[in-house]
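Each chain, written out:
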Amino acid sequence: MSTTTITLSSKGQVVIPKEIRDELHWEAGTELTLIANASGVTLKAVPKKSGRNLADLIGMLKHDGQPLSTVALCQPVDLNEEDSLDAS
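One structure accompanies this document, and this report is about it. (Residues numbered from 1 in each chain as written. Predicted model: local features only at pLDDT ≥ 70, side-chain atom pairs only at ≥ 80, totals over all residues. Heavy atoms only, no water.)

Considering the overall build of the chain
Quick note on the threshold: Every helix listed is a DSSP run of H or I at least four residues long, and every strand listed is a run of E at least two residues long, numbered separately from the N terminus. It is over C-alpha atoms that the radius of gyration is taken, and the globule rule equals 2.2 Å times the number of residues to the power 0.38. Relative accessibility thresholds used throughout: buried, under 20% of the residue-type maximum; exposed, over 50%; partly exposed, between the two (1.4 Å probe, protein chains only). Counted charges follow a simple rule, with Lys and Arg positive, Asp and Glu negative, and His plus the chain ends left uncounted. Think of each charge as sitting on NZ of Lys, CZ of Arg, CG of Asp or CD of Glu.
Broken down by element type, the chain carries four helices and two strands. Going residue by residue from the N terminus, the α and β elements of the chain occur as α-β-β-α-α-α. Against the 2.2 N^0.38 benchmark of 12 Å for 88 residues, the chain shows a C-alpha radius of gyration of 27 Å, more extended than a compact globule. Within the chain, the proportion of its 88 residues that are buried is 5%. On the chain, the mean spot of the 8 positive side-chain charges and the mean spot of the 12 negative ones are 20 Å from each other.

What to know about the layout of surface pockets
Note the following rule: Only protein atoms enter the calculation, which uses a 1 Å grid: trapped sets of points that fit a 1.4 Å probe without letting it out are cavities, open sets showing protein on both sides within 12 Å along at least five of seven lines are pockets, and any residue with an atom within 4 Å of a point is a lining residue. Grid points are joined across faces, edges and corners, and a volume is the space filled by probe spheres set on the points. All residues other than Ala, Val, Leu, Ile, Met, Phe, Trp, Tyr, Cys, Pro, Asp, Glu, Lys and Arg, Gly among them, are scored as polar; the first ten of these are nonpolar and the last four charged.
Empty space within the largest pocket amounts to approximately 280 Å³. What lines the largest pocket is a set of 13 residues, among which Ser2, Thr4, Ile16, Ile20 and Leu24 lie closest to the centre. A per-element tally of the lining of the largest pocket places helix H1 (residues 18–24) first, with three residues. The residue inventory of the lining of the largest pocket, partitioned by class, reads nine nonpolar, three polar and one charged.

Regarding unusual backbone geometry
In this structure, His25 is a non-glycine residue whose phi angle is positive, near 60°. You can see His25 is positioned in the loop between H1 and strand S1 (32–37).

Description of a nonpolar patch on the surface
The test is simple: Each patch is assembled from residues with relative accessible area greater than 30% and no salt bridge, linking like charges that lie within 9 Å and nonpolar side chains (Val, Leu, Ile, Met, Phe, Trp, Tyr) that lie within 5 Å. A 1.4 Å probe and the Shrake-Rupley method give the accessible areas. Residues count as covered only by the protein chains that appear here. For salt bridges, the criterion is a side-chain nitrogen of Lys or Arg within 4 Å of an Asp or Glu carboxyl oxygen.
Taken together, the side chains of Leu32, Leu34, Val41 and Leu43 present a nonpolar region at the surface, about 350 Å² in accessible area. Where the nonpolar patch is concerned, the elements lending two or more residues are S1 and strand S2 (40–45). With respect to the helices and strands, the residue Val41 is situated in strand S2.

Without other data, these values stay purely geometric and don't point to any function.
And the structure:
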């Protein structure tokens with residue numbers, strides 16, 4: 001990890017040098033968390049969200065045909081039976 005010295009501007013701003021941004025893969029728009037501690041501050045990138053949650057996935061997989069019962073869905077699959085169907 002790199003170490004560098006930067007200067008706080010009159011507006012309270014700092015510039016993170018390009019070589020450090022590149023090393024951390026921080027691009028424009030990266031959200032950062034600033035954590036104050038006894039010795040100063042720590043900057044951490046906010047983890048990127050995938051943009052999906054479980055509710056977004058409902059209905060994603062479609063089934064054509066009659067609805068299957070819970071019993072039918074829970075039955076084990078016999079791979080030998082499927083193999084014989086593929087061969088025909």
